[in-house]
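Structural description and commentary
For reference, the chains in residue letters:
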Amino acid sequence: MASRLLRGAGALAAQALRARGPNGAAAVRSMASGGGVPSDDDQATGLEREIMLAARKGLDPYNILPPKGASGTKEDPNLVPSVTNKRIVGCICEEDNSTVIWFWLHKGEAQRCPSCGAYYKLVPHQLAH
């Protein structure tokens, strides 16, 4: 246990020595010298940055946002994106109901929920990458 503490303290000391400038003075970093606190746009990388850029364009490449509600009729069914030709769907038929009705949705015509009769239609979805 003591050796781990000493190793940790040694690593911190080495890091502090590396932070010193060429003349031996400690390099001072402050938020005021760099223009303030960086924004999320400045710090985001990878998938987070990709999602932020897509959100600015009004896109949802990874289906993170909740689906837009439709009336659920045969003429205006709820659209369910899928990368395959079938997908399992859960329908909460009544607003205060705690039971989920699960059923398979297949590509083609709109299908009804077996319990409440709301219509769902499978639409093709391409992955973002």
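Along each chain, residue indices are assigned from 1 in the same order as the chain's sequence is written. A pLDDT threshold of at least 70 governs which residues receive local features in this predicted model, and a stricter bar of 80 or more applies before side-chain atom pairs are shown or counted, although totals over entire chains, interfaces and linings include all residues. Think of the side-chain values as coming from all heavy atoms in the structure, minus any hydrogens and water.

Taking an unreviewed UniProt entry as the reference, the protein is identified by name as Cytochrome c oxidase subunit 5B, mitochondrial belonging to Callithrix jacchus. UniProt positions are given in the numbering used here, feature names are shortened, and annotations may be inferred rather than shown by experiment. Of the protein, the UniProt comment under Sequence similarities (unreviewed entry) reads exactly: "Belongs to the cytochrome c oxidase subunit 5B family."

1. Remarks on the UniProt feature "modified residue: N6-acetyllysine" (unreviewed entry) in the protein
In the numbering adopted here, UniProt assigns the feature "modified residue: N6-acetyllysine" (unreviewed entry) to Lys-68, Lys-86 and Lys-121. Relative to the assigned elements, Lys-68 resides in the loop between helix 3 (46-56) and strand 1 (78-82). Where helices and strands are cited, they refer to DSSP runs of H or I of at least four residues and of E of at least two residues respectively, numbered from the N terminus. As for its placement among the helices and strands, Lys-86 is situated in strand 2 (residues 86-91). Lys-86 sits in the partly exposed class, given a relative accessible area of 39%. The residues touching Lys-86, leaving out its near neighbours within four places in the chain, are Trp-104, Leu-105, His-106 and Leu-122. Partly exposed describes any residue whose relative accessible area lies between the buried limit of under 20% and the exposed limit of over 50%, with all areas from a 1.4 Å probe on protein chains only and scaled to the type maximum. Two residues qualify as a contact provided that any one of their heavy atoms is within 4.5 Å of a heavy atom in the partner residue.

2. Concerning the sheet that holds strand 5 (residues 119-124)
One requirement defines pairing of two strands: DSSP has to find at least two bridges between them. Taken in spatial order, the three strands of this open sheet run 1-5-4, and their pairing is mixed. Across the chains shown, the open sheet's two edge strands, defined by having one partner strand only, are strand 1 and strand 4 (111-112). Sheet topology note: the strand 4/strand 5 ladder contains two bridges and is antiparallel. Along strand 5, the bridge assignment pairs Gln-111 with Tyr-120.

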